[in-house]
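Summary of structural features
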Amino acid sequence: MPNESTFVKLVKKHLPLEVDWQRIETGGTGTGIPDVNICYNGQEHWIEFKIVKGRSVDLSPMQIAWHSRRTKAGGRTWIIARHTFDGPRIGKGDHIYLWPGRCAKEVMQKGISYSEPVLGHY
């Protein structure tokens, strides 16, 4: 079963080498801050990683508020989710979903049904 750490490594492996990548470990000091900050071609991006079982994407109210504030200030934020399959579908491919951070509330409310996967059968 994939976990968030292996998902982060998978995404990093597929990004251009020029991406400056920083994993964020805030503990209790910065609630709601995404897992990763990247800079590419002079643009900052913040990315929240989620592993999804079932249909819901577990975003906290603090994460939703952070994405809302940052995007209102002109920041680029993202939520990326890996939907893993249990039972007889294990090993038959996961789906990857990507949403702009401005959609955080809708993603929390509607889960993966909020959009089609960006990548399938990974």
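For the structure itself, look to the data block above.
The rules behind the values
Residues numbered from 1 in each chain as written. Predicted model: local features only at pLDDT ≥ 70, side-chain atom pairs only at ≥ 80, totals over all residues. Heavy atoms only, no water. Helix = DSSP H or I, 4+ residues; strand = E, 2+ residues; numbered from the N terminus. Pairing = 2+ DSSP bridges. Axes fitted to C-alpha atoms, helices over the stretch in contact; angles between N-to-C directions. Buried < 20%, exposed > 50% of the residue type's maximum accessible area, 1.4 Å probe, protein only. Contact = heavy atoms within 4.5 Å. Salt bridge = Lys/Arg side-chain N within 4 Å of Asp/Glu carboxyl O.

Looking now at the environment of Gly42. Locating Gly42 in the fold gives a position in the loop between β2 (36–40) and β3 (43–52). Along the sequence, Gly42 and Val19 sit 23 residues apart, while their C-alpha atoms lie 9.8 Å from each other.

Our next topic: the sheet that holds β2. The 5 strands are arranged β1-β2-β3-β4-β5 in an open sheet whose pairing can be described as mixed. Both outer strands of the open sheet, β1 (20–23) and β5 (95–100), are each paired with one neighbouring strand and no more. Strand-to-strand twist across the sheet, computed as the mean angle between neighbouring axes with direction ignored, equals 25°. By the bridge criterion, 7 bridges tie β3 to strand β4 (residues 77–83) in an arrangement that is parallel.

Moving on: the environment of Trp66. Structurally, Trp66 is set in helix α2 (residues 61–72). Overall, Trp66 belongs to the buried group, its relative accessible area being 6%. Once the C-alpha coordinates of Trp66 and Thr77 are considered, the two residues, 11 residues apart in sequence, prove to be 9.5 Å apart. Leave out the neighbours within four places in its chain, and Trp66 touches Gly32, Ile33, Pro34, Trp46 and Thr77.

Our next topic: the pattern of salt bridges. The tally for this structure, following the rule as stated, stands at 4 salt bridges. Lys50 is the salt-bridge partner of Glu48, the closest N and O atoms lying 3.7 Å from each other. In terms of burial, Glu48 and Lys50 fall into one category: buried. Through salt bridges with shared partners, one network takes in Glu4, Arg23 and Glu25.

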